[in-house]
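Each chain, letter by letter, is given below.
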Amino acid sequence: MPTLEKDGRKIWQVRTTKSQLIRWGAWLVGLAAFIFSWKEISDNTLWFMMDNVGEVVADIAGRATPPAWSFVFELGRPIWDTLAIATLGTFFSLVMAVPVAFLAARNTTPSKVLVRPIALLIIVSTRSVNSLIWALLLVSIVGPGVLAGLIAISIRSIGFCAKLLYEAIEEINVVQVEAIKATGASPMQVMAYGIVPQIMPAFAGIAVFRWDINIRESTVLGLVGAGGIGLALQSSLNVLAWPKVSLILLVILVAVVIGEWVSAKVRGAII
Amino acid sequence: MYQGWKMLELQGLTKIYNTGDKALSDVTLTIPDGQVVALIGPSGAGKSTLIRCVNRLVQPTSGSATLDNVNVTALGAAGLRKARRKMGMIFQEYALVERLTVMENVLSGRLGYVGFFRSLFRKFPQKDVDEAYRLLDRVGLLEMADKRADALSGGQRQRVGICRALIQDPSLLLVDEPTASLDPKTSRQIMRLIVELCTERGLAAIINIHDVALAQMFVQRVVGLKLGVVVFDGGPDDLLPEVLTDIYGEEDWEATIEKVDDEDEEA
């Protein structure tokens, strides 16, 4: 009990002595784990590699500047592919995520025992595998190229979008749904009038947020042969063409910044 | 005193929730055509449950509700949707779909009559749209038709809620605490509006209400509910202090009732 009696007065503290001690103990354990990990990493680091870190960085920076500006015209197509992978991938993932979300949400699922666990399994399994790994798999299935990247991004995003969306569905105001039901509306109409307007802001927010993430994810997909600007990055790295590498990184940076700017604008407009 | 047609008949209506709480026990009531009934009782007495058992937003455990000779309790999904069209519901917190416009909210009262795709693309029949404008004009919100519902004040939202219920062309209104979220003046205006509209259209209504004085001012009959049992059924003038003590428990009721008398004289 946080309230103690002392000399006939009630002393109030946020926590009891016991829970306070437990908290201090937890902090202590956390600190010990941090120090231990730090030491492990330090012991396993080849420190002699670090001796000339400054020189190496300066060397690469020197070789990478100035960026090979004329190369930018060859990057138009790859960056276009990257943006297309991100945009179409987000679109297809949403198409699949919406039904999954309705099946997963406790208040809209047709069956909590049968359907919901399957929907949750789809969410967890697509979410837990990184898009780079999906791309690796898909390159060996459908061959290298944009299609593999597109499918990888689509699959990877289903779980993310469906999870956020089903949480939004579970948080809707049920009285509004009741009101629509009470008019004699069919289940589909209840969904269209009672549920969809309520989750629309969440849906739009999730869509642009995921699109923003997908732009960043799709820039690296080329590293495993799944199309886009990552492909150009990898081939430039392979031949140690540092001026090209620096230009590619610059282009990626610009694309990501534009993506963030657009998604911030869109989210601002919705909320 | 009312010789009308038996609009709504509740026979032994009982609701026991999964938690084991008995919200309604053996409620038997008959409401004739065009009668406006106030349902009073303390919080948790089962007023909301009773209303929701009529249109089956809550499934009654036993007993039946019969509307216009149709046993609503026994209906399947399609039949129930059809029966719900005849029961307009008005909610305490308005229950408008906040992100839709006033017009969309009013027209949503026609969902039971309109097919899915027509409703999805908001292609309601012109006569429904005409009726929606007429109702909005009647409650004084014609200029608000294109505003979003969340841009309105409490009283305005409740008027939209009333329009949504009336556009269903119901024969019965189920009204759940229509004034609980409103200030005293708006409360009276809303109650007056509901009762006037019921008279204009010859609608029967069950109005759940906490404010006993307000109920006495406007209705023809008062039913008192206590722990799911009907303990009073009579005219508004029969609500004596003993009766209120019976329904709500011991309290000085003279002030509540006297105040009503004063207001009646003023009016």
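Quick caveat, the model's predicted, so the values are computed rather than measured. (Residues numbered from 1 in each chain as written. Chains lettered and ligands numbered in written order. Predicted model: local features only at pLDDT ≥ 70, side-chain atom pairs only at ≥ 80, totals over all residues. Heavy atoms only, no water.)

Trainee: How should I be thinking about the overall build of chain A in this particular structure?
Mentor: Scanning chain A for helices and strands turns up 11 helices and two strands. Put simply, chain A runs from its N terminus to its C terminus through helices and strands in the order β-β-α-α-α-α-α-α-α-α-α-α-α. In terms of C-alpha radius of gyration, chain A reaches 26 Å, well past the compact-globule figure of 18 Å for 271 residues. With respect to the principal axes defined by its C-alpha atoms, chain A has extents near 75 × 65 × 35 Å. For chain A, the proportion of its 271 residues judged to be buried stands at 39%. (Helix = DSSP H or I, 4+ residues; strand = E, 2+ residues; numbered from the N terminus. Rg over C-alpha atoms; globule rule 2.2 N^0.38 Å. Buried < 20%, exposed > 50% of the residue type's maximum accessible area, 1.4 Å probe, protein only.)

Trainee: Looking at this structure, how should I read the overall build of chain B?
Mentor: If you tally the helices and strands in chain B, you get 10 helices and 10 strands. On C-alpha atoms alone, chain B measures out to a radius of gyration of 19 Å, which is about the 18 Å that the 2.2 N^0.38 rule sets for 267 residues. C-alpha atoms of chain B, sized along the principal axes, occupy 55 × 45 × 40 Å. Across the 267 residues in chain B, those meeting the buried criterion constitute 55%.

Trainee: Explanation requested: the interface of chain A and chain B in the structure shown.
Mentor: One frequently used descriptor of interface size is the decrease in accessible area upon assembly of the parts. Each partner contributes to the interface: chain A provides 18 residues, whereas chain B provides 29 residues. The junction of chain A with chain B conceals about 2000 Å² of combined surface from both sides, 63% of it contributed by carbon and sulfur atoms. For chain A, the biggest contributors to the area lost against chain B are T183, Q189 and Y193 of chain A; these three give 33% of the whole. Seen at the junction of chain A and chain B, the total is one salt bridge. Across the contact surface, chain A and chain B share seven residue pairs in polar contact (both at pLDDT 80 or more). Broken down by secondary-structure element, the contributors of at least two residues to the side of chain A that touches chain B are α8 (174-182) and α9 (187-221) of chain A. (Contact = heavy atoms within 4.5 Å. Buried area = accessible area lost by both parts, 1.4 Å probe. Salt bridge = Lys/Arg side-chain N within 4 Å of Asp/Glu carboxyl O. Polar contact = N/O pair within 3.5 Å; in protein donor to acceptor, adjacent residues only side chain to side chain.)

Trainee: Just checking my understanding: could you explain the domain arrangement of chain A for this structure?
Mentor: Partitioning chain A into structural domains gives domain 1 (3-45) and domain 2 (73-270). A separation of 40 Å is found between the C-alpha centroids of domain 1 of chain A and domain 2 of chain A. (Domains from an automatic or database assignment.)

Trainee: Looking at this model, I keep getting lost on the nonpolar core. Mind explaining?
Mentor: Across soluble globular proteins, nonpolar side chains have a tendency to be buried as a group. L173 and I194 of chain B are the most contacted members of the largest nonpolar core, which totals 86 residues. Within the second largest apolar cluster, 34 residues are counted, among which are L8, A45, V54 and V58 of chain B. (Core = buried A, V, L, I, M, F, W, Y, C linked by side-chain atoms within 4.5 Å.)

Trainee: What is the right way to look at empty space enclosed by the protein in this model?
Mentor: Remark: the empty space left among the atoms is shown by a probe the size of a water molecule rolled over them. Per the stated rule, a full pass over the model turns up one cavity of 30 Å³ or more. Estimates place the volume of the largest cavity at around 40 Å³. Taken together, the residues that form the lining of the largest cavity break down as five nonpolar, two polar and one charged. (1 Å grid on protein atoms, 1.4 Å probe; cavity = no way out; pocket = protein on both sides within 12 Å on 5 of 7 lines; lining within 4 Å. Points joined across faces, edges and corners; volume = space filled by probe spheres on them. Nonpolar A, V, L, I, M, F, W, Y, C, P; charged D, E, K, R; others polar.)

Trainee: Whenever I open this one, the environment of M7 of chain B confuses me. Can you help?
Mentor: Residue and element names in this part refer to chain B. Tracing the backbone through its elements, the reader meets M7 in strand β1 (residues 6-16). Through-space distance from the C-alpha of M7 to that of I31 is 5.8 Å; in sequence the pair is 24 residues apart. Among all residues touching M7, those that are not within four sequence positions of it are I31, P32, D33, T66, L67, D68, S171 and A204.

Trainee: It is not clear to me how the packing of aromatic side chains should be interpreted in this structure. Could you clarify?
Mentor: Two numbers describe a pair of aromatic rings. These are the distance of the centres and the angle of the planes. This model, assessed by the stated rule, comprises four aromatic pairs over all chains. Taken together, a centroid distance of 5.5 Å and an interplanar angle of 65° make the contact between F91 of chain A and F92 of chain A edge-to-face. Measuring from ring centre to ring centre gives 5.1 Å for F116 of chain B and F117 of chain B, while their planes differ by 70°; the resulting arrangement is edge-to-face. Given a relative accessible area of 22%, F116 of chain B falls into the partly exposed group. Judged by relative accessible area, which is 56%, F117 of chain B ranks as exposed. Positioned above the aromatic ring of Y113 of chain B is the side chain of R110 of chain B, whose terminal nitrogen or guanidinium carbon lies 3.9 Å from the ring centre. (Phe/Tyr/Trp six-rings, centres within 6.5 Å; stacked < 30°, edge-to-face > 60°. Lys NZ or Arg CZ within 6 Å of the ring centre and 35° of its normal.)

Trainee: Even after reading the chapter, I still don't get the sheet that holds strand β4 (residues 62-67) of chain B, so can you show me in this structure?
Mentor: Paired through their backbone hydrogen bonds, the strands of a sheet run either parallel or antiparallel. All names here are of chain B. Spatially, four strands are ordered β2-β1-β4-β5 in an open sheet, and the strand pairing comes out antiparallel. Where the open sheet ends on each side, the last strands, each with one partner, are β2 (22-32) and β5 (70-71). Summarising the sheet, β1 and β4 pair through five bridges and their orientation is antiparallel. Bridging across to β4, E9 finds its partner in T66. Along the sheet, helix α1 (residues 47-54) contacts β1, β2 and β4; its crossing angle with β1, the most-contacted strand, is approximately 120°. (Pairing = 2+ DSSP bridges. Axes fitted to C-alpha atoms, helices over the stretch in contact; angles between N-to-C directions.)

Trainee: I tried to follow the state of the cysteines on my own but got confused; where do I start?
Mentor: Working definition of a disulfide: a covalent bond connecting the sulfur atoms of two cysteines. Throughout the structure, instances matching the rule amount to zero disulfides over all chains. Here C163 of chain B stays unpaired: no disulfide links it, and the sulfur of C198 of chain B, its closest cysteine neighbor, is 13 Å away. (Disulfide = S-S within 2.5 Å.)

Trainee: Just checking my understanding: could you explain the packing of helix α4 (residues 76-104) of chain A against helix α7 (residues 146-170) of chain A for this structure?
Mentor: Helix packing for two helices is described by the angle between their axes and how far apart those axes are. Residue and element names in this part refer to chain A. Two elements in contact, α4 and α7, have axes separated by 6 Å at closest approach and are oriented at 40°. Considering their axes alone, α4 and α7 lie oblique with respect to each other. The chirality of how α4 crosses α7 is right-handed. Class assignment of the residues belonging to the contact of α4 with α7 gives a composition of 20 nonpolar, six polar and two charged. (Parallel < 35°, antiparallel > 145°, perpendicular 65-115°, else oblique. Left-handed = near helix turned anticlockwise from the far one by under 90°.)

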